[in-house]
Amino acid sequence: MLAKRKKMESRKQATNCTAGICAGQILIFVAPLLMVICVLTLFYRPSNKKEPNKVPAAAATLDGPLRWVLAPHTGDSPTDREISQLQQRIRDGRNIELWLERLGWAFVAKARESFDPGFYKLAEQCALSIEKRDPQSQEAMLLQAHVLQNLHRFNESEALARRLVQQRGLSFDYGLLGDALMEQGRLNDAVEAYQRMMNLKPDLRAYARAAHMRWLKGDLAGAIEAMQFAVGAASPQDAESAAWVNTRLACYEFQAGRFEEAEQRCAFALSLQPNYPPALLLKGRMLLAKDESREAVDPLQNAAKLNPLPEYQWVLAEALRAAGREEEASRIEAQLRQHGASGDPRTLALFLSTRHESPETALQLAQAELDSRSDVFTHDALAWSLSAAGKLSEARSEMQRALAEGTEDGRLFFHAAVIASKTGHTAETDRWLRKANELSHLLLPSERNQLHNAAASDAKQQASLAPNQKKTFPLGRNTARKARPQPQTKT
């Protein structure tokens, strides 16, 4: 019995020993596995913390342009908030192409609101990001063509617009094509593109383009009619577009001599978009036309501060000088000379030629501009620069190109009159002097002074040739003071 019990205890000890050995062996193999699992759990466990600046793997494939468009954006306007929200959606890594397209157009909207062309470059990066993922993306082509148009790269914009027209032919595609053609001076082709746009979708954009084309062709009444349709199609939800079409309509009314209506329309544009630079610029110009230079300074200063382009700075300097603030005017003109070549070379060329400064520089600027932008106003800038440089024969040829479309513009007529006078074409001089005088309220104070001097010189010359002949060009007070034709007194 005792021997049996000892035998059983011996077996139990052997079993326990075997179990211990097995457990130890299992632990030897399992421990490293458990360690690996712990490490994996530590590094790959999901985190509840957001990492807004981290680009996910799906978005990392666009690491070039994407770095620019995802740079932190500040601001508290609705457009600013939209940009930030779209940037975060792209960081989330889903539907990247869709959100990139919307972000690109948000940057375009911001560029229009802020008049900062840097946002167009960001929009272009969005287009390039989409194109990198889908080289045949029509959305990328449309966005990029629009950006190129606003950056004055009209040849490139036209090429993309033509591809879009061939591939799908939407209303906006034809609008882009028409814009590129118009800026290159091919107005008949632009009219055809705009008509296709209108046939497909008669909306604000189509009406506004039709109005501008009519104005370029010398049909002011038709331009007013079309722009009234554009104003009627404007939505209060798009305040910038509504302010723009109302400002353009005010410009046409101002040209037509409807001064009260123009002032009311301009004020309405500013109620839609407070501190809207184009409307502030027009308000200042209308005050200058009434010789209210002191009152014109404030809106023009605000406009130039928000949009410091040469056109704005030139008008502001004119108002400051007319108000007796010579030192301030000189400072603004110094800024214009320093930065104008990069901001708007065409306007700088006009400014220098009008002031009889740096004629060779003005000529170089105008000639360079003509390489990419050959519309009537660029031909006018080149003609005026050639005249200032003493190249009168070439100036007259360019001026004829500027006048070929029949555009009714006070500055065009003023330049044409001076060039015709310098080249000895008396009949042309008389014709353009009359037309320039009718629109003299569109000119800046210094231009009106030069027009008055040119008219006086022409009248004196004609009087010396035919002393008994009545003067063919009536001198007098600025026609801008007359909102309506005054009845003639019978003698």
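The rules behind each value
Residues numbered from 1 in each chain as written. Predicted model: local features only at pLDDT ≥ 70, side-chain atom pairs only at ≥ 80, totals over all residues. Heavy atoms only, no water. Helix = DSSP H or I, 4+ residues; strand = E, 2+ residues; numbered from the N terminus. Buried < 20%, exposed > 50% of the residue type's maximum accessible area, 1.4 Å probe, protein only. Contact = heavy atoms within 4.5 Å. Phe/Tyr/Trp six-rings, centres within 6.5 Å; stacked < 30°, edge-to-face > 60°. Axes fitted to C-alpha atoms, helices over the stretch in contact; angles between N-to-C directions. Parallel < 35°, antiparallel > 145°, perpendicular 65-115°, else oblique. Left-handed = near helix turned anticlockwise from the far one by under 90°. Nonpolar A, V, L, I, M, F, W, Y, C, P; charged D, E, K, R; others polar. pLDDT = per-residue confidence, 0-100. Salt bridge = Lys/Arg side-chain N within 4 Å of Asp/Glu carboxyl O. Expected span 1.5 Å × (residues − 1).

**Considerations on the overall build of the chain**
- Counting its secondary structure elements, the chain contains 25 helices and zero strands.
- Taken over 491 residues, the chain has a buried fraction of 44%.
- Expressed as a percentage of contacts within the chain between residues at least 6 apart in sequence, the contacts between residues at least 24 apart total 56%.

**A short note on the packing of aromatic side chains**
- For the structure on display, the rule yields 10 aromatic pairs.
- Measuring from centroid to centroid gives 5.5 Å for Trp-314 and Phe-351, while their planes differ by 85 degrees, and the two rings are edge-to-face. Pair noted here: Trp-314 is in helix α17 (residues 310–322) and Phe-351 is in helix α19 (residues 345–354), with a separation of 37 residues, a long-range link.
- Overall, the relative accessible area of 0% leaves Phe-351 in the buried class.
- Arranged with centres 5.5 Å apart and planes meeting at 15 degrees, the rings of Phe-413 and Trp-432 form a pair that is stacked. Taken together, the residues span a long stretch of sequence, with Phe-413 in helix α23 (residues 410–422) and Trp-432 in helix α24 (residues 426–438) at a distance of 19 residues.

**Re the packing of helix α8 (residues 154–167) against helix α9 (residues 171–183)**
- Axis separation between α8 and α9 bottoms out at 8 Å; the angle between their running directions is 150 degrees. Our classification of the angle between α8 and α9 gives roughly antiparallel. Between α8 and α9 lies a crossing of left-handed hand. Only Asp-173, Tyr-174, Leu-176, Leu-177, Ala-180, Leu-181 and Glu-183 of α9 make contact with α8, whose side of the interface consists of Phe-154, Ser-157, Glu-158, Ala-161, Arg-162, Leu-164 and Val-165.
- Each residue belonging to the contact of α8 with α9 can be placed in one class, and the counts come to nine nonpolar, one polar and four charged.

**Overview of the confidence of the model for the chain**
- Mean pLDDT over the chain works out to 86, with 82% of the residues at or above the 70 mark.
- Note that residues 10–62 has pLDDT below 50 and, in this model, 27 contacts with residues that lie over four places away or in other chains.
- In the model, residues 470–491 has pLDDT below 50 throughout and makes 30 contacts with residues more than four positions away in sequence or in other chains.

**Examining the packing of helix α22 (residues 392–403) against α23**
- Between α22 and α23, the least distance of the axes is 10 Å, while the angle of their chain directions is 150 degrees. Viewed along their axes, α22 and α23 form a crossing whose handedness is left-handed. Taken together, the residues of α23 that come into contact with α22 (itself represented by Leu-392, Ala-395, Arg-396, Met-399, Ala-402 and Leu-403) are Leu-412, Phe-413, His-415, Ala-416, Ile-419 and Lys-422.
- In the contact of α22 with α23, the residues fall into nine nonpolar, one polar and two charged.

**Examining the side chain of Ser-387**
- Relative to the elements of secondary structure, Ser-387 occurs in helix α21 (residues 376–388).
- Dropping the residues within four chain positions of it, Ser-387 is found in contact with Leu-392, Ala-395, Ile-419 and Lys-422.

**What to know about unusual backbone geometry**
- Of note in the backbone geometry, Asn-95 takes a positive phi value of approximately 50 degrees without being a glycine.
- Locating Asn-95 in the fold gives a position in the loop between α4 (78–92) and α5 (96–114).
- For Asn-95, a relative accessible area of 54% puts it in the exposed group.
- Unlike most non-glycine residues, Ser-358 shows phi in positive territory, near 40 degrees.
- Since its relative accessible area comes to 41%, Ser-358 is described here as partly exposed.

**A closer look at the environment of Leu-386**
- With respect to the element layout, Leu-386 can be found in helix α21.
- Judged by relative accessible area, Leu-386 falls into the buried class, the value being 3%.
- Along the chain, Leu-386 and Gln-367 lie 19 residues apart, while their C-alpha atoms are 9.7 Å from each other.

**Let's talk about the pattern of salt bridges**
- Under the criterion given, the structure shown has 30 salt bridges.
- A salt bridge links Glu-156 to Arg-153; its shortest N-O distance comes to 3.1 Å.
- Judged by relative accessible area, which is 38%, Glu-156 ranks as partly exposed.
- Arg-355 is the partner of Glu-318 in a salt bridge, and the nearest nitrogen-oxygen pair spans 3.4 Å. Note that Glu-318 is positioned in helix α17 and Arg-355 in the loop between α19 and α20 (359–370), a separation of 37 residues in sequence.

**Some remarks on helix α15 (residues 277–289)**
- Taking 1.5 Å as the rise per residue, α15 with 13 residues should run 18 Å; its terminal C-alpha atoms sit 18 Å apart, in good agreement.
- By the criterion of burial, α15 is predominantly enclosed, with 12 of the 13 residues buried.
- Every buried residue belonging to α15 is among Pro-277, Pro-278, Ala-279, Leu-280, Leu-281, Leu-282, Gly-284, Arg-285, Met-286, Leu-287, Leu-288 and Ala-289, and all of these are buried.
- Following α15 by one or two positions, Asp-291 has its phi on the positive side, about 60 degrees.

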